[in-house]
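# Architecture at a glance
Letter by letter, the chains look like this.
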Number of protein chains: 2
Amino acid sequence: MTLIDGKKIAAEIRSELKAEAADFQAKYAQQVGLAVVLVGEDAASQVYVRNKIRACEEVGIRSFAHFMPTDSTQKSVEDLVCALADDDRVHGILVQLPLPAHLDAERILSCIPRQKDVDGFSAANIGRLALDEEGTVACTPLGVMELLHRSGINVAGKRAVVVGRSKIVGRPMMLLLLNADATVTVCHSRTNELKRICSEADILIAAVGKPHFITADMVKQGAVVIDVGINRIDDKLAGDVDFDRVAPKTSFITPVPGGVGPMTIAMLLKNTLDCARRSVR
Amino acid sequence: MTLIDGKKIAAEIRSELKAEAADFQAKYAQQVGLAVVLVGEDAASQVYVRNKIRACEEVGIRSFAHFMPTDSTQKSVEDLVCALADDDRVHGILVQLPLPAHLDAERILSCIPRQKDVDGFSAANIGRLALDEEGTVACTPLGVMELLHRSGINVAGKRAVVVGRSKIVGRPMMLLLLNADATVTVCHSRTNELKRICSEADILIAAVGKPHFITADMVKQGAVVIDVGINRIDDKLAGDVDFDRVAPKTSFITPVPGGVGPMTIAMLLKNTLDCARRSVR
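Calculation notes
Residues numbered from 1 in each chain as written. Chains lettered and ligands numbered in written order. Predicted model: local features only at pLDDT ≥ 70, side-chain atom pairs only at ≥ 80, totals over all residues. Heavy atoms only, no water. Contact = heavy atoms within 4.5 Å. Buried area = accessible area lost by both parts, 1.4 Å probe. Salt bridge = Lys/Arg side-chain N within 4 Å of Asp/Glu carboxyl O. Helix = DSSP H or I, 4+ residues; strand = E, 2+ residues; numbered from the N terminus. pLDDT = per-residue confidence, 0-100. Least-squares fit on C-alpha atoms with pLDDT ≥ 70 in both. Pairing = 2+ DSSP bridges. Axes fitted to C-alpha atoms, helices over the stretch in contact; angles between N-to-C directions. Parallel < 35°, antiparallel > 145°, perpendicular 65-115°, else oblique. Left-handed = near helix turned anticlockwise from the far one by under 90°. Nonpolar A, V, L, I, M, F, W, Y, C, P; charged D, E, K, R; others polar. Buried < 20%, exposed > 50% of the residue type's maximum accessible area, 1.4 Å probe, protein only. Core = buried A, V, L, I, M, F, W, Y, C linked by side-chain atoms within 4.5 Å.

Turning our eyes to something else, we now look at the interface of chain B and chain A. Counting residues at the interface gives 37 residues for chain B, matched by 36 residues for chain A. Interface of chain B and chain A: buried area, both sides summed, is about 3,000 Å²; carbon and sulfur atoms make up 53% of it. On the chain B side of the interface with chain A, the three residues burying the most area are Leu131(B), Arg171(B) and Leu178(B), jointly 19% of the side's total. Residues Arg190(A) and Asp181(B) are paired through a salt bridge, measuring 3.1 Å at the closest nitrogen-oxygen approach. Listed by contribution, the elements that provide at least two residues to the side of chain B that touches chain A are helix H5 (123–130), helix H7 (170–179), strand S6 (183–187) and helix H8 (194–198) of chain B. Per-element tally for the side of chain B that touches chain A: the top contributor is H5(B), with 7 residues.

Set out below in structure tokens:
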């Protein structure tokens, strides 16, 4: 069993991105820029946003942080996002979710042009993924593909099972794996025979959001298991996989924390750099 | 074994659509309109376009047929599509494919606004399907769902296997089945153990484009088999399914011709009416 060290791989990627961001700056006489919009005082969101800004600094991406009060009007947030859409220094725009309940998130997100949608959540970008065309892909599933790739795991022809069909993980994950020539099955709350289907997987992706949901009897001997779950039990993080019992059966497995998690921000930086590159093409 | 009679079901749908199109016209004082653009002299395309125009007439949808010469310039086709995009009488725009090789099809199709994209081929529309949001869905996979629905086949919780991952059938088919709560597997040319995976399907969708590709040993006793293939052998049509040997094992099966085929135009008419309805909302 090999533990996939997401922290180490993410650090390698950040170091590569740092060089690439410097190259971009040298070549085009402009710094790669990411705008981050946070509305309100949500504690977890503040931590995420701070981490994203710090990661930008580390790799030499300029961040434009916009903190707006909880009671911001729909129009004020839309106006800000539209201004960022027009700002040539900004190659990517990230609106931290969730937004306060009185705001219409969909309308605000629709102000982000596809070319600056670094989260890849827009219909236009997920549509391009569904058509296997170039575009921006959601950071977490993209991070999973990068973990597999950098661990030397080829997915072509393999049976991949994705458990969970959320818009930001399960669905783009399924499309990425399909585009990489895996034979993909998507399971969800309505699936019968979940155990049997999971136990056929060469590559099992758990994105359910239920701690220790994937148990050892659901995993084939020698499978690759990627745990996207981040669940809080008391004050500790737990994945969707019953790690201690599942790990001995696997060929590769990601831990939680330190597996997929660190990849998400690394992929956000990569997406920002990619948006910048496409903007000068 | 029950034969799913696509011809009969499509006729029922056209008859319903005729009443709905008349209702729309009475309520909004405008006729539902579909523009069809054909560039060049391709014989098969001319037949398809004629059939579409005739179907429009039958249900009371006004068709705007535009036949352009083979040597039309990129600009002239784009200008026409843009004019149709601005024409309030036109609720749906269909550009018959394939276009002559000297034209950039992607750029021409991108002139069709999402709201008039009755084929549902645009990234914006397939993205909405991938996010399970309202939009226009490609006619053939939509027709398959309608055949299942009108045959009383519930897909929720069932194992559905789609063989083929094309942009216009396999991929939207997979997303439709997922949105309808099936547990979906997509197989393709790189899939190993195709026979074993197919034989686990409660619902098997063949969209490969190879005559008689799906043989009896790939089909579970009692499965529902939907054959999207339309292959020409000598002068006869053959599906992707070895019908004579597969049919006895199935609970439901579509023939070729007379199964999925007739549904495609019926769904085009339905999509046009839906676009018209959304235009007045």
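After presenting the structure, the write-up continues.
What follows covers the confidence of the model for chain A. Looking at chain A as a whole, the pLDDT averages 97, with 100% of positions reaching at least 70. Predicted as a complex, the structure gets a pTM of 0.97 and an ipTM equal to 0.96.

Let us now look at the relation of the copies chain B and chain A. Least-squares fitting of chain B to chain A yields an RMSD of 0.0 Å, with the transformation described by 0.0 Å of translation along the axis and a rotation of 180°. What we have between these two chains is a two-fold relation. Among all C-alpha atoms of chain B, that of Gly127(B) lies closest to the rotation axis, at 1.7 Å. In this assembly, 97% of the residues forming the interface of chain B have copies in chain A that are likewise at the interface, indicating an isologous arrangement.

Once that is clear, we can look at the sheet that holds strand S4 (residues 92–95) of chain A. Residue and element names in this part refer to chain A. Read across the open sheet, the 3 strands follow the order S3-S2-S4; overall the sheet is parallel. Here the strands that pair on one side only, and so sit at the sheet edges, are strand S3 (62–68) and S4. Put simply, the sheet's adjacent strands are angled 15° from each other on average, direction ignored. As defined by bridge partners, strand S2 (residues 33–39) adjoins S3 across 7 bridges and the pair is classed as parallel. Following the sheet pairing, Leu 34 is matched in S3 by Ser 63. The strands that helix H3 (residues 74–86) touches are S2, S3 and S4; relative to S3, the one it contacts most, it runs at about 170°.

Turning our eyes to something else, we now look at the packing of helix H6 (residues 139–150) of chain A against helix H7 (residues 170–179) of chain A. For any two helices packed against each other, the geometry comes down to the angle between their axes and how far apart the axes lie. Residues and elements named next belong to chain A. At their nearest, the axes of H6 and H7 sit 9 Å apart, and the two run at 40° to each other. Regarding the angle of H6 to H7, the classification is oblique. Crossing angle aside, the handedness with which H6 passes H7 is right-handed. Taken together, the residues of H7 that come into contact with H6 (itself represented by Pro 141, Leu 142, Val 144, Met 145 and Leu 148) are Pro 172, Met 173, Leu 176 and Leu 177. Looking at the contact of H6 with H7, its residues break down into 9 nonpolar, no polar and no charged.

Residue and element names in this part refer to chain A. On the secondary structure map, Ala 65 appears in strand S3. C-alpha of Ala 65 to C-alpha of Leu 94: the two residues are 29 residues apart in sequence and 9.7 Å apart in space. Residues in contact with Ala 65, not counting those within four places in the same chain, are Val 36 and Ile 53.

All names here are of chain A. Burial along S4 is two-sided: Gly 92 and Leu 94 facing one way and Ile 93 and Val 95 facing the other are all buried. With 4 bridges joining them, S2 and S4 adopt parallel strand pairing. Paired with Ala 35 across the strands is Ile 93, a residue of S4.

A word on the nonpolar core. Leu177(A) and Leu177(B) are the most contacted members of the largest nonpolar core, which has 120 residues in total. If near-sequence neighbours (up to four positions away) are discounted, Leu177(A) is found in contact with Met145(A), Leu148(A), Val155(A), Ala160(A), Val162(A), Ala182(A), Val184(A) and Ile205(A).

Whether parallel or antiparallel, the strands of a sheet pair through hydrogen bonds between backbone atoms. All names here are of chain B. Strand order in this open sheet of 3 strands is S3-S2-S4, and the pairing throughout is parallel. The open sheet has two free edges, formed respectively by strand S3 (62–68) and strand S4 (92–95), since each of these has just one partner strand. The average undirected angle you get between the axes of adjacent strands in this sheet is 15°.

Attention shifts here to the pattern of salt bridges. On inspection of all chains with the given rule, the structure shows 42 salt bridges over all chains. Linking Lys270(B) and Asp274(B) is a salt bridge whose minimum nitrogen-to-oxygen distance equals 2.8 Å. Taken together, the residues span about one helical turn, with Lys270(B) and Asp274(B) both in helix H10 (residues 261–279) at a distance of 4 residues. With a relative accessible area of 27%, Lys270(B) lands in the partly exposed category. Three or more residues joined by partner-sharing salt bridges are found here, namely Arg159(A), Glu193(A), Arg196(A), Glu200(A), Arg159(B), Glu193(B), Arg196(B) and Glu200(B).

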